[in-house]
Amino acid sequence: MIRKQYAYGYTVFFNINICKNNLEDVRQPTEIAHDHGIATDYHINESPMMEQPHFKHAAQNETFIEPEDWERVDELVEWLIEKKRCGYKMVNSASRLDEMRLFMRGKIQEWNCRAGYNSLIVRTDGTLAPCFPMYSATHDWGTIENHKFDKTQLGDMKKSCQPHCFSTLNHILAFCYNDARVIRWMLRQALNRFQGTTNFD
């Protein structure tokens with residue numbers, strides 16, 4: 001897969017979900033990815049955002065992070081941040097990794113989720129939803145032939161769902177669609193006379 005990605009135009013990366021029961025294991029795929037030039041991204045485990053009648057593991061789920069796990073998660077996140085600063089290819093910014101510690105303590109910041117604006121999911125029956133946590137929602141967002149996304153409805157919905165979501169994908173989109181950040185970056189390039197670009201962060 002790694003060799004063929006350049007020929008066929010796809011990208012290989014590891015999507016790693018940090019859970020209560022895999023805190024030690026996260027380090028191993030991180031090092032494997034680094035050794036093979038593969039990027040990684042990280043997510044912190046969340047309980048379902050909506051009631052899921054088919055989900056039978058809400059109680060005593062060994063993947064859910066509890067307050068007694070916070071110190072161990074803090075240590076892991078600090079390790080990941082250090083690896084990021086050492087040049088490991090990670091999709092998450094160092095600041096976003098650090099925000100995992102706030103998120104698991106219920107203190108996530110406003111982050112301008114882009115679900116339904118710049119990303120969506122297509123269900124197996126062809127209907128749409130703004131994001132995977134909303135897969136089982138009964139709201140009608142239309143189909144691939146006729147979407148019904150409405151900014152007012154999405155904005156109202158995100159007042160309740162966004163504080164409980166740590167979507168890496170939509171956070172990256174929020175970063176890219178931050179007009180003020182793009183303007184600051186362009187000004188930095190102009191000051192450098194556009195002689196090679198400098199990083200966003």
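For the structure itself, consult the block above.
Summary of the structure given here. (Residues numbered from 1 in each chain as written. Predicted model: local features only at pLDDT ≥ 70, side-chain atom pairs only at ≥ 80, totals over all residues. Heavy atoms only, no water.)

With that settled, consider the pairing of strand 1 (residues 13-18). As defined by bridge partners, strand 1 adjoins strand 2 (residues 39-44) across six bridges and the pair is classed as parallel. What sits directly across from isoleucine 16, in strand 2, is tyrosine 42. Considered for its hand, the β-α-β crossover made up of strand 1, helix 2 (residues 27-35) and strand 2 is right-handed. (Pairing = 2+ DSSP bridges. Helix = DSSP H or I, 4+ residues; strand = E, 2+ residues; numbered from the N terminus. Right-handed = clockwise from strand over helix to strand, strands pointing away.)

A few words on the environment of threonine 63. With respect to the element layout, threonine 63 can be found in the loop between strand 2 and helix 3 (70-85). When its relative accessible area of 22% is taken as the criterion, threonine 63 is described as partly exposed. The sequence separation of threonine 63 and asparagine 45 amounts to 18 residues, and the corresponding C-alpha distance is 7.2 Å. Setting aside its immediate chain neighbours within four residues, threonine 63 contacts Cys19, Lys20, Asn21 and Asn45. Side-chain polar atoms of threonine 63 contact the side chain of asparagine 45, separated by 2.9 Å. (Buried < 20%, exposed > 50% of the residue type's maximum accessible area, 1.4 Å probe, protein only. Contact = heavy atoms within 4.5 Å. Polar contact = N/O pair within 3.5 Å; in protein donor to acceptor, adjacent residues only side chain to side chain.)

What follows covers helix 5 (residues 151-161). Of the positions making up helix 5, those classed as buried are Leu154, Met157, Lys158 and Cys161. Within helix 5, the buried residues cover an arc of 105 degrees as seen down the axis, which keeps them to one side. Looking at helix 5, the residues exposed on the side facing more than 90 degrees away from the buried face are Thr152 and Lys159. (Arc of directions from axis to C-beta.)

Attention now moves to the pattern of salt bridges. Tallied over the full model, the rule gives 10 salt bridges. The shortest N-O distance in the salt bridge between glutamate 31 and lysine 83 comes to 3.4 Å. You can see glutamate 31 sitting in helix 2 and its partner lysine 83 sitting in helix 3, a full 52 residues away along the chain. Taken together, the shared-partner salt bridges in this structure form one network comprising Lys20, Glu68 and Asp69. (Salt bridge = Lys/Arg side-chain N within 4 Å of Asp/Glu carboxyl O.)

What follows concerns the packing of helix 3 against helix 4 (residues 94-104). As a packed pair, helix 3 and helix 4 sit with axes 9 Å apart at the nearest point and diverge in direction by 175 degrees. Here helix 4 runs roughly antiparallel to helix 3, going by the angle between their axes. Note on element contacts: helix 4 touches helix 3 through Ala94, Leu97, Asp98, Met100, Arg101 and Met104, opposite Trp70, Val73, Asp74, Val77, Glu78, Leu80, Ile81 and Lys84. Looking at the contact of helix 3 with helix 4, its residues break down into nine nonpolar, no polar and five charged. (Axes fitted to C-alpha atoms, helices over the stretch in contact; angles between N-to-C directions. Parallel < 35°, antiparallel > 145°, perpendicular 65-115°, else oblique. Nonpolar A, V, L, I, M, F, W, Y, C, P; charged D, E, K, R; others polar.)

Turning next to the state of the cysteines. One way to say it: the disulfide is the covalent bond shared by the sulfur atoms of two cysteines. Considering all chains together, one arrives at zero disulfides under this definition. Summary of cysteine pairing: cysteine 161 is not part of a disulfide, and the nearest cysteine sulfur, belonging to cysteine 131, is at 6.2 Å. (Disulfide = S-S within 2.5 Å.)

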